[in-house]
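Residue-level structure breakdown
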Amino acid sequence: MVGYVGRRLLQSLGVLLGVSVIVFGLLHLTGDPTRLLLPLEAREEDVRQLRALLGLDDPLWVQYGRFLARAVRGDFGLSFKHQVPALALIFQTLPATLQLTAAGLGLALVVAVPAGILSALKRNSLLDALCSVGVLLGQAMPVYWLGLLLIMVFAVGLGWFPAAGRDGWTSIVLPATALGAFSMARIARMARSGMLEVLAQDYVRTARAAGIRTFVVTYKYALKNAAIPLVTIIGLEFGILLGGAVITETIFAWPGVGRLAVDAIFSRDYPLVQAIVAVLATLFVVINLVIDLVYTYLDPRIVYVRSAR
Amino acid sequence: MSVTATMLPVVARPRRRVSFRAAFGLGALLLIGGSAVFAPQLAPWDPARQMLTKRLRPPMWQARGLREHPLGTDHLGRDILSRILHGGRISLGVGLTAVTLSALIGVTLGLLAGFFGGRADALIMRIVDVFLAIPYILLAMGVVFALGPSLLNVILVMGATRWVQFARIVRADVLSIREREFVAGARARGNRPLRLLLRHVLPNALTPIIVVATLELAFMIIYESALSFLGLGVQPPTPTWGWMLADGRNYVATAWWLATFPGLAIMLTVLAVNLLGDWLRDTLDPRLKV
């Protein structure tokens, strides 16, 4: 167990190192970063001076080393546009994004898990049919379109919720619904097939044959085992939601990291873009690490399977 | 008695419904694909033609709607139907090319990782983890913006950020295929690794590749319109569904049809591809988890 945790930790560090290479590469993809900092009519001499000042004349690996050494300490430099440390900007906006993501994921779970389980229990019923149509639509509707539709119907048409901004609890309803819909569909589908699989297991049949009440068999025996695979996809789902938040926040003018990122990309604010990508990736890695560890606790067989690889 | 009565439907029924879904998916996809291919012949108007006297006309069944513009016109007086038909060319074309590219990258890396194992495997799988961790949409936006949004760059970036799915599935499959006897047999006959991979291992890993490719196509269509929607896709005047949605966004309060119809087109296409993908998975390899 300890060996597994240690190996998993090391692996996460490796992933973060890889992320840092890509984040570093982002800036250099633009060619010469000094061109972004100086006005177009800057003299050749000034450009050269700035290059030297920023250390851009050093070999790439030296620059990378310097970048990494600073990034580890949370220093991604000043945002070109706002002239404050990039990380500070992120920490200002991160709570809004986490709130939205949590609301989206929470909504998805609250709706999808019961829906998936019920449609597995009442297979081929009307409810099951409705759920599977819902799943198909949910997986086919892009978040930006669903967002626009929600605005058209519930903000412009009915006036129940605000169309944009983050002001009071009503403002989170539409963005969270738009963001959570895709996950909702996926989770409902997983919950349904997971439950069906478990219900077909021998131990469920044995329990039933032994005369244990159906209610107990379903909710105590089957549900617990069906929940295990759901735990892992929540980690992956969280990553998808963080990505989806970029678009959702743009549509609903939600003041989170996603909107900050879009704004940073369009204003060529590369230190900020780098910092955001790094922070979101780190968040993803940490959450998945935690979930993996929880998972091994729930289902101890996993450790052996994975180390056998 | 009651036991058999409740048990029976569990075993027999789903088959037929699945094939209806598949038929629906295939039919819709053929229709959408056909109308994209023949868009120049089918579209009633030039998709770029602006008719400023006929701006923001609603669909023809509404008051003020015009017969010659069945789905209405946008803020520049361009025919929505014609733009949707032409937009399908980009969505499907970019989607298909991007999936092909990402399959090429992913399958190659997955084959190498699964077949050779050891260090190659460890390295490739860590790269996979890195790509899983980075929000691909941000990476794509950053790269497209840096390189400049063009058809080619959009396809390259989409392919380069989504190959992970292929690599994972192929690797897992190859891990078991390489242990099979026919591979050992082919090796014993003196086949070299490359030939072994291409002639014996790859053909046996084809099923999951086809399934993943179909489901990824649905994803790529959404991905492409998302980039377009954010202003980083294929640039105007080429009509794309994502751009149309972005235009429509400014008119959600006054002209609902601007954002509704292109979105409907995206949803229908994705739905059709998904149905087809689900069916392929259920028939070819029901155990596959994608």
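None of the values given here were measured: they were computed from a predicted structure. Sequence order as written defines residue numbering, which begins from 1 separately in each chain. As a convention, the first chain written is A and the first ligand written is 1, with the rest following in written order. Only residues with pLDDT of 70 or above have their local features reported here, since the model is predicted, and side-chain atom pairs are shown and tallied only from 80 upward, although totals for entire chains, interfaces and linings are computed over all residues. Side-chain figures throughout are based on the complete set of non-hydrogen atoms in the structure, without hydrogens or water.

1. Looking at the side chain of A:Glu237
- With respect to the helices and strands, the residue A:Glu237 is situated in helix H10 (residues 214-252).
- Throughout, a contact is declared for two residues whenever any of their heavy atoms are within 4.5 Å. The contacts of A:Glu237, once residues within four sequence positions are left out, are A:Leu105, A:Ser183, A:Arg186 and A:Ile187. Only DSSP runs of H or I with at least four residues qualify as helices, and only runs of E with at least two residues qualify as strands; both kinds are numbered from the N terminus onward.

2. Describing a nonpolar patch on the surface
Residues and elements named next belong to chain A.
- A grouping of Leu 118, Leu 121, Leu 127, Phe 215 and Tyr 219 is seen on the molecular surface, where their side chains present a nonpolar patch of about 450 Å² in accessible area.
- For the nonpolar patch, the secondary-structure elements that each account for two or more residues are helix H5 (86-121) and H10.
- Position of Leu 118 among the secondary structure elements: in helix H5. Nonpolar side chains (Val, Leu, Ile, Met, Phe, Trp, Tyr) within 5 Å and like charges within 9 Å form the patches, drawn only from residues with over 30% relative accessible area and no salt bridge. Computed by Shrake-Rupley with a 1.4 Å probe, the accessible areas treat only the displayed protein chains as cover when residues are assessed. When a carboxyl oxygen of Asp or Glu lies within 4 Å of a side-chain nitrogen of Lys or Arg, that pair is called a salt bridge.

3. Concerning the interface of chain B and chain A
- Facing the 48 residues of chain B at the interface are 44 residues of chain A.
- When two parts are put together, the accessible area they lose, computed with a 1.4 Å probe and summed over both, is reported as buried area. Counting the surface chain B buries against chain A, the share from its top three residues, B:Leu138, B:Phe145 and B:Met267, is 15%.
- Summed over the shared surface of chain B and chain A, the result is 1 salt bridge.
- Here A:Arg189 makes a salt bridge to B:Asp278, at a shortest N to O gap of 2.8 Å.
- When residues of the side of chain B that touches chain A are assigned to their parent elements, the largest contribution, 12 residues, is made by helix H13 (residues 257-284) of chain B.
- Broken down by class, the residue content of the side of chain B that touches chain A amounts to 33 nonpolar, 5 polar and 10 charged. Three residue categories are used. Nonpolar comprises Ala, Val, Leu, Ile, Met, Phe, Trp, Tyr, Cys and Pro, charged comprises Asp, Glu, Lys and Arg, and polar comprises the others, including Gly.

4. Some words on unusual backbone geometry
Residues and elements named next belong to chain A.
- The backbone of Gln 83 sits at a positive phi, close to 55°, despite the residue not being glycine.
- Along the chain, Gln 83 turns up in the loop between helix H4 (60-72) and H5.
- Residues other than glycine seldom take positive phi values, yet Ala 253 does so here, at roughly 50°.
- Only protein chains enter the accessibility calculation, which uses a 1.4 Å probe. A residue is then buried if its area is under 20% of the maximum for its type, exposed if over 50%, and partly exposed in between. Taking the relative accessible area as the measure of exposure, Ala 253 reaches 25% and is therefore partly exposed.

5. Remarks on empty space enclosed by the protein
Residues and elements named next belong to chain B.
- A cavity, in this analysis, means grid points on a 1 Å lattice covering only the protein atoms where a 1.4 Å probe fits yet has no way out; a pocket is instead an open set bounded by protein on both sides within 12 Å along at least five of seven lines, and a residue lines either one if it has an atom within 4 Å of a point. Grid points are joined across faces, edges and corners, and a volume is the space filled by probe spheres set on the points. On inspection of all chains with the given rule, the structure shows 1 cavity of 30 Å³ or more.
- The calculated volume of the largest cavity comes to roughly 40 Å³.
- Considering the residues around the largest cavity, the lining is formed by Asp 74, Ile 80, Arg 83, Met 244, Asp 247, Gly 248 and Leu 258.
- Of all elements in the fold, only helix H4 (80-116) and helix H12 (241-249) reach the threshold of two or more residues within the lining of the largest cavity.
- By residue number, the principal contributor to the lining of the largest cavity is H12, which donates 3 residues.

6. Side note on the layout of surface pockets
All names here are of chain A.
- In this structure, the second largest pocket occupies an estimated 480 Å³ of space.
- If you go around the second largest pocket, you meet 20 residues; those closest to its centre are Leu 27, Leu 54, Arg 70, Phe 76 and Gln 274.
- Elements supplying a minimum of two residues to the lining of the second largest pocket: helix H1 (2-29), H4 and helix H12 (270-298).
- Broken down by element, the lining of the second largest pocket gets its largest block of residues, 4 residues, from H4.

7. Some words on the confidence of the model for chain A
- Overall, the predicted model of chain A reaches an average pLDDT of 82, with 94% of residues at or above 70.
- Counting contacts from residues 304-309 of chain A, a segment whose pLDDT is below 50, to residues more than four positions away or on other chains yields 5 contacts. pLDDT runs from 0 to 100 and stands for how confident the predictor is about each residue.

8. Here's the deal with the packing of aromatic side chains
Residues and elements named next belong to chain B.
- Classification of ring pairs rests on two measures: the distance between centres of Phe, Tyr or Trp rings, Trp counted by its six-membered ring, which must be within 6.5 Å, and the angle between planes, read as stacked under 30 degrees, edge-to-face over 60 and tilted in between. This model, assessed by the stated rule, comprises 14 aromatic pairs over all chains.
- Seen in terms of ring centroids, Trp 61 and Phe 261 are 6.2 Å apart; in terms of plane orientation they differ by 90°. Their pairing is edge-to-face. One end of the pair, Trp 61, is in the loop between helix H3 (39-42) and H4; the other, Phe 261, is in helix H13, and 200 residues separate them in sequence.
- Residue Trp 61 is classed as exposed on the basis of its relative accessible area, which comes to 55%.

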